[in-house]
Amino acid sequence: MSCLSRVIVPLIFIVMIALPGSTQIDPDSTNFIPPVNHPMKLAGSFGELRKNHFHAGIDIKSSKGQEGDPIVASEAGHVSRIKIESSGYGRAVYVDHPNGYTTVYAHLRTFSKALENYIEKVQREVQSFEVDIYLPPEKFAVTQGEEIGEMGNTGKSSAPHLHFEIRETLTERPVLPSKFDIKVTDKIAPVINAVYVYELDNDGNPIKKSQLNIKRDKNQYTCMPSVVNVRSQYVGIGLSAYDRSDGVWNKNGVYDLQITANDSTYFYSAFDVIDFSESKALNAIIDYPHYEKTRTKILKLFNAKCNPLSNYNTVSKHGWLSTETDHTFKVSVGDNSGNKSHFEIAFSRHEDLITEKSEEGRLMHCGMQDTIITSAGSEIVFFDGTLYNDQRIRISEKKSPNYSVRIENENSPPHRSFKLSIPMPIKDSKYCVVKKENGKRKNFGGSLEQDTFVVYLDEFGQFEMYQDLIPPNIVRHATTGSGSNKKYLFKIGDNIDFDSSLGDYPMTVSACGEWVPFSFDLKTDVLTVAVRNLPSGCNSFTVYVSDHVENEAKLKIQI
């Protein structure tokens, strides 16, 4: 078997795909209620900037900072989907409503008893911890306010909370919950931490960045200097900002951004709806080199010319502001309660212009397919839509001891995968392409196609061919509880997957010839087996784990 890609589709069990035929109605005509019984406070806002994606819902804080708060159906409907995964949303339930919307409740600790019993039955039938179950309308009807689970910390969650979404049922696009009157009290305008000016080349790539001093008076900010001298035909504005709501110290994301001058709009962005297919485009609207160095985000109020993000409505030339005018630009930053902060800025252009940043590398075009043939005969194909802007790509290679290639672009990561083809006549299926980063290796998979090894990459960096002959490791981690509540915990690891991708590794537990239910926590890489799930009379069980090239490990436990 060839080396698989690092994202393996988990075993999916589908009972029935039931797409409702109901028509979506105006949000003002809906009657949703909050999904928790305690006063809502948010740890995360809709459209907030996360790693490689926009936050598609709101994160509702626990009433006491612990798991276990009751989670209730926000409106009457039926459970249309239940998904359990070690990463992502963890334990999540989806409820379709007759009004044309679907609510999503994620990171749950438990579901209602009826759902729990049903899920365990399905897991046993398909012999998989991770399941994705679609349900017909008549299977599990719910009433508004009915308890459907408990708040938890499962999946890719760092603290107990409820991730809550309202989606358009037919398009699956998440919609801003406050449009349905699911909102918190907020009378506080966003806070602007920093303002930056970017001098741009003719392709919209930054030539130079300058941070301005700012002075705050309530929600009005003053830039110093207020007139910025630049040496480029176009400039862009960037800022660091956050929003708070009443009684909460969490720094959440802002809602809308606008640049105007003389009653004309030069830039506008708002997050009322999110399209999952565009979510990675977050990397095009942040200062990515700054993020790579500091892990903090500067939001750019200008766009890359091939950015597919529909939320960025750059009215005038991608939001690149011309320095040929003497306009004073007004910039506003708002939250979804209508609170806004403002500042003004103008530009003075120096006669001696800088038109392009000096860079090495091959210029690749974002709106077309473009190919690089390397000196070692490898082929790198950038597809239409791979890049956000026309960019210079730098390539360096080594042929021994293993073939390696560095593919660099300092401005932004790719939006979609590009193809790397490496001439390689060997037929060993244990080979993969790995990325070397911080002294570790991350598996990107790949496969042999005749005499060429082909891999699709969604990052830039240093890559090398790697022969993986080492199986995963399973280590007895701990034992908790006693009697029927006893649980065995095992730490799972591997030699090259340091990107928290172990959740897609094939794992199974068996006892006396039967599959045994288990759980896997991606945050800790811990697999848990409960004694109550073992077949009666068995005095041992075995844990099996396989990596992406079918190196297998197993550990037998006597009980």
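In this report, the structure presented in the accompanying data block is examined. Every value quoted in this text rests on a predicted model; they were computed, and no experiment measured them. (Residues numbered from 1 in each chain as written. Predicted model: local features only at pLDDT ≥ 70, side-chain atom pairs only at ≥ 80, totals over all residues. Heavy atoms only, no water.)

Description of the side chain of serine 80
Worth spelling out the cut-off: Elements are defined by DSSP. Helices are runs of H or I of four residues or more, strands are runs of E of two residues or more, and each kind is numbered from the N terminus. In protein, a polar contact means a hydrogen-donor-capable atom and an acceptor-capable atom, both N or O and within 3.5 Å, with residues adjacent in sequence counting only if both atoms are side-chain atoms; elsewhere, any N or O pair within 3.5 Å suffices. Note on contacts: a residue pair qualifies if any of its non-hydrogen atoms lie within 4.5 Å across the two residues.
Relative to the elements of secondary structure, serine 80 occurs in strand S6 (residues 77-84). A distance of 2.9 Å separates the side chain of serine 80 from the side chain of aspartate 96, its partner in a polar contact. Excluding its chain neighbours within four sequence positions, the residues that come into contact with serine 80 are Tyr94, Val95, Asp96, Ile133, Tyr134 and Leu135.

Quick look at the sheet that holds strand S12 (residues 147-150)
Put simply, the rule reads: For two strands to count as paired, DSSP must find a minimum of two bridges between them.
Spatially, S5-S12-S9 is the arrangement adopted by the three strands of the open sheet, whose pairing is antiparallel. The open sheet is flanked by strand S5 (70-72) and strand S9 (110-111), the only strands paired with a single partner. Inspection of the sheet shows S9 paired to S12 by two bridges, in the antiparallel sense. Each residue of the ladder has a partner; that of phenylalanine 111, found in S12, is glycine 149.

Focus on the pattern of salt bridges
Under the convention used in this document: When a carboxyl oxygen of Asp or Glu is within 4 Å of a side-chain nitrogen of Lys or Arg, the pair counts as a salt bridge. Partly exposed describes any residue whose relative accessible area lies between the buried limit of under 20% and the exposed limit of over 50%, with all areas from a 1.4 Å probe on protein chains only and scaled to the type maximum.
Summed over all chains, the structure comprises 26 salt bridges. The partner of arginine 91 in a salt bridge is glutamate 116, with the nearest N and O atoms 2.5 Å apart. One end of the pair, arginine 91, is in strand S7 (residues 91-96); the other, glutamate 116, is in helix H1 (residues 113-126), and 25 residues separate them in sequence. Classification of arginine 91 by relative accessible area gives buried; the value is 16%. In this structure, a network of salt bridges that share partners links the residues Lys435, Glu437, Lys442 and Glu459.

Side note on the environment of glutamine 558
By the element assignment, glutamine 558 lies in strand S45 (residues 552-558). Residue glutamine 558 is classed as exposed on the basis of its relative accessible area of 56%. Residues glutamine 558 and asparagine 303, 255 residues apart in the sequence, show an inter-C-alpha distance of 60 Å. When residues no more than four places from it in sequence are discounted, the contact partners of glutamine 558 are Asn539 and Ser540.

Description of the state of the cysteines
Disulfide: a covalent bond connecting the sulfur atoms of a pair of cysteines. This is how the line gets drawn: Working definition: a disulfide is two cysteine sulfur atoms within 2.5 Å of each other.
According to the stated counting rule, one finds two disulfides in the structure shown. Put simply, cysteine 306 and cysteine 366 are joined by a disulfide, and their sulfur atoms are 2.0 Å apart. Between cysteine 306 and cysteine 366, the disulfide has an S-S torsion of 60 degrees and is therefore right-handed. Separated by 60 residues along the polypeptide, cysteine 306 in the loop between strand S22 (299-300) and strand S23 (312-313) and cysteine 366 in the loop between strand S27 (362-364) and strand S28 (370-373) bring together distant segments of the chain. For cysteine 306, a relative accessible area of 23% translates into the label partly exposed. The side chain of cysteine 512 participates in a disulfide bridge whose partner is cysteine 538; the two sulfur atoms lie 1.7 Å from each other. Of this pair, cysteine 512 sits in the loop between strand S40 (507-511) and strand S41 (514-515) while cysteine 538 is found in the loop between strand S43 (526-530) and strand S44 (540-546), placing the two residues 26 residues apart along the sequence. Residue classification places cysteine 512 among the exposed positions, given a relative accessible area of 57%.

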